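Next come the chains, spelled out residue by residue.
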Amino acid sequence: MPLLLQNTIAQRRLYPFFFILICLVGAALRLIQFPTLPPGFNQDEASSAYEAYCLAETGMDRWGNTLPVYFPSWGSGQNVLLSYLMVPVVKIFGLSISSARLIPVALGIFTLPLLGWGLRPLGRYPSLLGMFLVAVVPWHFMMSRWALESNLVSFFMLLGCVLLSRALITHKRRWIIPSLLPFALALYAYGTTIIVLPIMVMLIGYCYQRHIWQHRKAWLLASVFFVVVAFPFIIFIIEHHILNHNMAWADSLFFSTPLPPFNRLAQINPEQRLDVLYANRTFFNSGFQDGSVYNLMPNFPLLLLFSLPIGLIGMVAAVFVLIRQLRRRTTQPSHIVITIFLFWALGTLPMIFLFTLNVNRFNHFYLPLMVLMTWLVDLLIEHTNTWVSKPLLRTLVVMWLVVESGFAVRHYFTSYRSSGIRTHFYEGLDQAFNAAKQLPVAQVQITSDVHYIYALFFTQYPPRDFQQHAQYSIRNDRYEVFFFGKYVFDDAYLIPNQPHGYLMRRNELPANTTARHVIFRNELWEVGISR
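Residues numbered from 1 in each chain as written. Predicted model: local features only at pLDDT ≥ 70, side-chain atom pairs only at ≥ 80, totals over all residues. Heavy atoms only, no water.

**Topic: the sheet that holds strand β2 (residues 471–475)**
Point 1. The strand order β2-β3-β4-β1-β5-β7-β6 describes an open sheet built from 7 strands, whose pairing is mixed. On the outer flanks of this sheet lie β2 and β6 (516–521), each paired with one strand and no other.
Point 2. Two strands pair when backbone bridges link them, and β6 and strand β7 (residues 525–530) are joined in this way by 5 bridges, in the antiparallel orientation. Its bridge partner being in β7, F520 is matched across the sheet by V527.
Point 3. Contacting β1 (444–446), β4 (487–488), β5 (500–505), β6 and β7, helix α20 (residues 429–437) runs over the sheet at an angle of about 15 degrees to β7. (Pairing = 2+ DSSP bridges. Helix = DSSP H or I, 4+ residues; strand = E, 2+ residues; numbered from the N terminus. Contact = heavy atoms within 4.5 Å. Axes fitted to C-alpha atoms, helices over the stretch in contact; angles between N-to-C directions.)

**Examining the environment of Q498**
Point 1. With respect to the secondary-structure elements, Q498 resides in the loop between β4 and β5.
Point 2. Between the C-alpha atom of Q498 and that of S530, which follows or precedes it by 32 residues, the distance is 8.8 Å.

**Observations regarding α20**
Helical periodicity: at 3.6 residues per turn, an α-helix aligns residues three or four positions apart in one direction.
Point 1. All of the buried residues in α20 are L429, A432, F433, A435 and A436. Each buried residue of α20 sits inside an arc of 160 degrees when the element is viewed along its axis, so together they form one side.
Point 2. Where α20 is buried, its residues touch β1, α21 (452–458), β4, β5, β6 and β7. (Buried < 20%, exposed > 50% of the residue type's maximum accessible area, 1.4 Å probe, protein only. Arc of directions from axis to C-beta.)

**Focus: the state of the cysteines**
Point 1. This model, assessed by the stated rule, comprises 0 disulfides.
Point 2. No disulfide involves C161; its nearest neighbouring cysteine sulfur is the one of C207, lying 14 Å away.
Point 3. By relative accessible area, C207 is classed as buried at 14%. (Disulfide = S-S within 2.5 Å.)

As structure tokens, this is what we get:
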């Protein structure tokens, strides 16, 4: 790619070709074996999808809250944006693993052309390099393939950064007015955005106050649109994290702000600050390894080798560029773009001091880090004076990405399926519930290892029946469901001396249990009738 882009004419002709090629490669990495890889289905995916099903059927979440701003979900809450986006998909295609994962994979693919367009002011090579890096990096193509609701935040923050930089570069109303809307939506994608956005707003307002003041009417209108969209979430934050109760007048609004039993801010304990810092230092030193298998593969870096140190150096370099820009009172389009991504990265840093990080909690950080890495690599190549030609250096960088990502991609599509992800994502549970649904018994005992949300999802249990007849209580700040319909999750609710069905893990029942009739069995699950 770089050797071919040596002159202006070749660049103009071949840039669209490589742009489309990278998009196709990225789409392939996200669509091959979709939706069966990752195997099984995560409980957070099931929860978001069932909430979408409830909204589509009743306009309420599974607990009966009308158009909630934040789902009470398990008790600690769950972000809502993915479920709202999923409503038309569920309406059209029904409730299934495919429909649940359709929105994330689509946004994961759309990220690539959006990023390429957003980085275009940096030059053709950094634009394509940034696209290619995100296309093949394990973190992004893995997260695009399953439906964790908080993973959507990177797309909407990226969309906001692209529109915002375009607005500051062109000063045109058509870019200024919608530029803040994606940031408002990002609040509903992941609640940690409430930490990032104020820092971004203050830094952007300070550095670009002259640009904003010159077109203050358009920026004021953009701010109004932001406040309108973010207003329900702001009300929720005030009620849940400041007042700790609902405001009476808010009950008359068209949306609801139910307060989850557990306040996530309770996780922030000043007395454990040193423990948090130590854990987060370990997280950084390991290259963002948290021991999970959701968005990373064991023995493979999350963002490819050297991404973190090069990206951090890029942050420092971007700060120096910003200082020089402020002193000279000049702005170049490329500097505006890189400054916006720098502010996004800086906005994530307070999280290091607030709570223990993992791959998902820190998902605000990775995309701006990779942009800063891309920019720094191109900057170093552009200013090199070695005997090695610049096109050759650019080619070597791309080759490095191809080789390293190739090992990760090969592992993902060949060996990852047989790793611990099968257990974490409950592979084969859909088949087990299909069998349990057909059992001719009044009750089906569900193993304590399976969350009730799977029964709701795989049986497509009617939302109104669950809201009206489910037996549950709030214990230890969590909703504990005992039973609904014929599905029993607490053995105390089984009718004594009556045959009942069961859904258990293979070998979970003692081998000498003879009073059972096995109806279905796969590699991980067993369904039958116990007498």
